[in-house]
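Listed here are the chains, written in short residue letters.
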Amino acid sequence: MSEHPTVTAVDALAAELLDEAAAHSARRTARTLVSGNSLRATLIAMLAEAELAEHDSPAAGTVHVLGGEVLLRTPSRQWELTEGDIVALPPERHSVHALTDATMLLTVALH
């Protein structure tokens, strides 16, 4: 394991966040792993049937599903994403619905 202070053991943290999600009424939780002037990476854990309500899309970003299955929806399309899938966020309002317990890495360009 690295001693670099910005290294995160993502798999272990993902499991921890899934456990934390069970204690929240929204059945989801998140932790920002990297935050800088131009980039933010956030680990999100959602229990089955949890929802991230429709919201605006950032200028540029990706969702990488680390475990489980989610449904990414826009008013015009939807994508069923499974472990290992990565997708650029659509340039329109979207929502995310957990089909199973799921973890994903959201990476957003801030400019």
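Residues numbered from 1 in each chain as written. Predicted model: local features only at pLDDT ≥ 70, side-chain atom pairs only at ≥ 80, totals over all residues. Heavy atoms only, no water.

A. The arrangement of the side chain of threonine 42 in detail. Locating threonine 42 in the fold gives a position in strand S2 (residues 39–46). Not counting the four nearest positions on each side in its chain, threonine 42 is found in contact with Ala30, Arg31, Thr32, Leu33, Met104, Leu105 and Leu106. (Helix = DSSP H or I, 4+ residues; strand = E, 2+ residues; numbered from the N terminus. Contact = heavy atoms within 4.5 Å.)

B. Representation of the environment of glycine 36 within the structure. Looking at where glycine 36 falls in the secondary structure, it is placed in the loop between strand S1 (28–35) and S2. Among the residues examined, glycine 36 registers a relative accessible area of 37% and is labelled partly exposed. Each C-alpha atom, one on glycine 36 and one on leucine 110, is 8.5 Å from the other, the two residues being 74 residues apart in sequence. (Buried < 20%, exposed > 50% of the residue type's maximum accessible area, 1.4 Å probe, protein only.)

C. Examining unusual backbone geometry more closely. Positive phi values are uncommon outside glycine, yet arginine 27 reaches one of about 60°. A residue is classified by how much of its surface remains accessible, and arginine 27, at 35% relative accessible area, is partly exposed. With a phi angle near 80°, glutamate 49 is a residue other than glycine that sits in the positive phi range. With respect to the helices and strands, glutamate 49 occurs in the loop between S2 and strand S3 (51–55).

D. Representation of the confidence of the model for the chain within the structure. Per-residue confidence for the chain gives a mean pLDDT of 91, with 95% of residues at or over 70. Per-element confidence in the chain ranges from a low mean pLDDT of 90 for S3 to a high of 97 for strand S5 (residues 69–73). (pLDDT = per-residue confidence, 0-100.)

E. The pairing of S2, seen in detail. Where burial is concerned, most of S2 is hidden: 6 out of the 8 residues are buried. The pairing of S1 with S2 spans 7 bridges and is antiparallel. Residue pairing across strands places arginine 28 opposite methionine 46, the latter belonging to S2. From the end of S1 to the start of S2, which pair antiparallel, there are 3 residues. (Pairing = 2+ DSSP bridges.)

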